[in-house]
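Residues per chain are reported as follows:
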Amino acid sequence: MSFELVAWPAQGPVTAEEAAALDRAALPPHPAVTAFAADLAAAAPDTGLETGGSRYAAVTMAPDRADEVATLVYGLAKANGLVCYDPGRGLVHNLAPRTAHPETQLHTGDGMVVIDPDLGLIRDVLGRLSPRNPFAALVLFGHHFVQVSPEPGGYELEYKDSAAGRLYRTRTADLADVRRAFEEYATDDRSFLDRHAWEG
């Protein structure tokens, strides 16, 4: 069994439904696909790659290297202006809108790591929390992070101020509250800290 990611040029944000229905053969050739393929071949020459005549890039990798290679693919796709679709997770990595800090990292309990994720991806990841994907975190290393884990009846939110060495926790029953807090954190808005009652 292999893990696949698909990248292609798009005019704007793409939904997961649009990505799943994409007719790869109907895409026009694009130099960004060729540039992506060259970058990937230089960085990970043992990775499987199909380019469909420079229309798209379908990257396959062994499951034991999926986390490592996928992080590379997400970054190269963004650098070359390509949307990247993860069919296994049903998630799309769009080019915009982005987080306030390019160093922001998105980590998930099922092994995904994305540097400078788009806001739509963050929102969709939060909707996939489950026993198989037991947490999601946005991290600005050396500064702070926000993390969420599902629990019976709702969600536990954590916020760590790394500079102060303080970890705070709160709970909410509403996924919309979690999504709002993550979007605020991602856009450098700390309103969520005042809106919730934190322990810590």
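The structure reproduced in this document is the subject of the present report. No experiment lies behind these values; they were computed from the predicted model shown.

1. Focus: the overall build of the protein
Thinking step 1. Secondary structure assignment for the protein yields six helices and 11 strands.
Thinking step 2. The C-alpha radius of gyration computed for the protein amounts to 18 Å, which stays within 12% of the reference 16 Å derived for 200 residues, consistent with globular compactness.
Thinking step 3. Taken along its principal axes, the extent of the C-alpha atoms in the protein is 55 × 35 × 30 Å.
Thinking step 4. In the protein, which comprises 200 residues, the proportion classed as buried is 42%.
Thinking step 5. Put simply, of all contacts in the protein between residues at least 6 apart along the chain, 51% involve residues at least 24 apart.
Thinking step 6. Per element, the accessible surface of the protein, about 9,600 Å² overall, is 53% carbon and sulfur.
Thinking step 7. Between the centroid of the 17 positive side chains of the protein and the centroid of its 28 negative side chains there is a distance of 2 Å.

2. Points about the sheet that holds strand β6 (residues 105–108)
Thinking step 1. Spatial ordering of the open sheet is given by β7-β6-β8-β9-β10-β11, a layout of six strands whose pairing is antiparallel. The sheet is open, and its two borders are formed by β7 (113–115) and β11 (166–172), each paired with just one other strand. Adjacent strand axes in the sheet meet at a mean angle of 15 degrees, parallel and antiparallel pairs treated alike.
Thinking step 2. Across seven bridges, strand β10 (residues 154–161) lies against β11 in antiparallel orientation. Each residue of the ladder has a partner; that of Leu157, found in β11, is Thr170.

3. Focus: the pairing of strand β1 (residues 3–8)
Thinking step 1. Counting buried residues in β1 gives five out of six residues, a clear majority hidden from the surface.
Thinking step 2. Judged from the five bridges that link them, β1 and strand β3 (residues 57–61) form a sheet pairing that is antiparallel. Across the sheet, the residue bridging to Ala7 is Ala57, located in β3.
Thinking step 3. For β1 and strand β4 (residues 83–86), the ladder comprises three bridges, and the chain directions are antiparallel. In the sheet register, Val6 faces β4, and the bridge partner there is Tyr85.

4. Focus: the layout of surface pockets
Thinking step 1. For the largest pocket, the calculated volume is near 290 Å³.
Thinking step 2. Within the lining of the largest pocket, the residues separate by chemical class into four nonpolar, three polar and five charged.
Thinking step 3. Taken as a whole, the second largest pocket holds about 150 Å³ of empty space.
Thinking step 4. In this structure, the second largest pocket is lined by 14 residues; those nearest its centre are Tyr74, Gly75, Lys78, Val114 and Ile115.
Thinking step 5. Among the elements of the structure, α3 (66–79) and β7 are those that each provide at least two residues to the lining of the second largest pocket.

5. Examining the packing of aromatic side chains
Thinking step 1. Taken as a whole and judged by the stated rule, the model has four aromatic pairs.
Thinking step 2. Both rings, one in Tyr159 and one in Tyr185, keep their centres 6.5 Å apart while their planes meet at 70 degrees; by these two values the pair is edge-to-face. One end of the pair, Tyr159, is in strand β10; the other, Tyr185, is in helix α5 (residues 175–186), with 26 residues separating them in the sequence.
Thinking step 3. Tyr159 gets classed as buried once you look at its relative accessible area, which sits at 7%.
Thinking step 4. Taking the relative accessible area as the measure of exposure, Tyr185 reaches 4% and is therefore buried.
Thinking step 5. Pairing Phe192 with Trp198 gives two aromatic rings, centres 6.2 Å apart and planes at 70 degrees, and the pair type is edge-to-face. Both residues of the pair, Phe192 and Trp198, count as buried.
Thinking step 6. The rings of Tyr159, Tyr185, Phe192 and Trp198 are connected pair by pair, giving a single aromatic cluster.
Thinking step 7. Residue placement shows Arg24 over the ring face of Tyr56; its charged tip is 5.5 Å from the ring centre.

6. Considerations on the pairing of β3
Thinking step 1. The buried count for β3 comes to four of five residues, which makes it a mostly enclosed element.
Thinking step 2. In terms of strand pairing, strand β2 (residues 48–50) meets β3 through three bridges, oriented antiparallel. Within β3, the position partnered with Leu49 by the bridge is Val59.
Thinking step 3. Connecting β2 to the next strand, β3, in antiparallel fashion are six residues, including Gly52 with a positive phi near 55 degrees.

Here is what the cut-offs are and how they apply
- Residues numbered from 1 in each chain as written.
- Predicted model: local features only at pLDDT ≥ 70, side-chain atom pairs only at ≥ 80, totals over all residues.
- Heavy atoms only, no water.
- Helix = DSSP H or I, 4+ residues; strand = E, 2+ residues; numbered from the N terminus.
- Rg over C-alpha atoms; globule rule 2.2 N^0.38 Å.
- Buried < 20%, exposed > 50% of the residue type's maximum accessible area, 1.4 Å probe, protein only.
- Contact = heavy atoms within 4.5 Å.
- Areas by Shrake-Rupley, 256 points an atom, 1.4 Å probe, with all protein chains shown as cover.
- Lys, Arg positive; Asp, Glu negative; His and termini not counted.
- Charge placed at Lys NZ, Arg CZ, Asp CG, Glu CD.
- Pairing = 2+ DSSP bridges.
- Axes fitted to C-alpha atoms, helices over the stretch in contact; angles between N-to-C directions.
- 1 Å grid on protein atoms, 1.4 Å probe; cavity = no way out; pocket = protein on both sides within 12 Å on 5 of 7 lines; lining within 4 Å.
- Points joined across faces, edges and corners; volume = space filled by probe spheres on them.
- Nonpolar A, V, L, I, M, F, W, Y, C, P; charged D, E, K, R; others polar.
- Phe/Tyr/Trp six-rings, centres within 6.5 Å; stacked < 30°, edge-to-face > 60°.
- Lys NZ or Arg CZ within 6 Å of the ring centre and 35° of its normal.

So, to be careful, I would describe these as geometric facts and stop short of saying anything about function.
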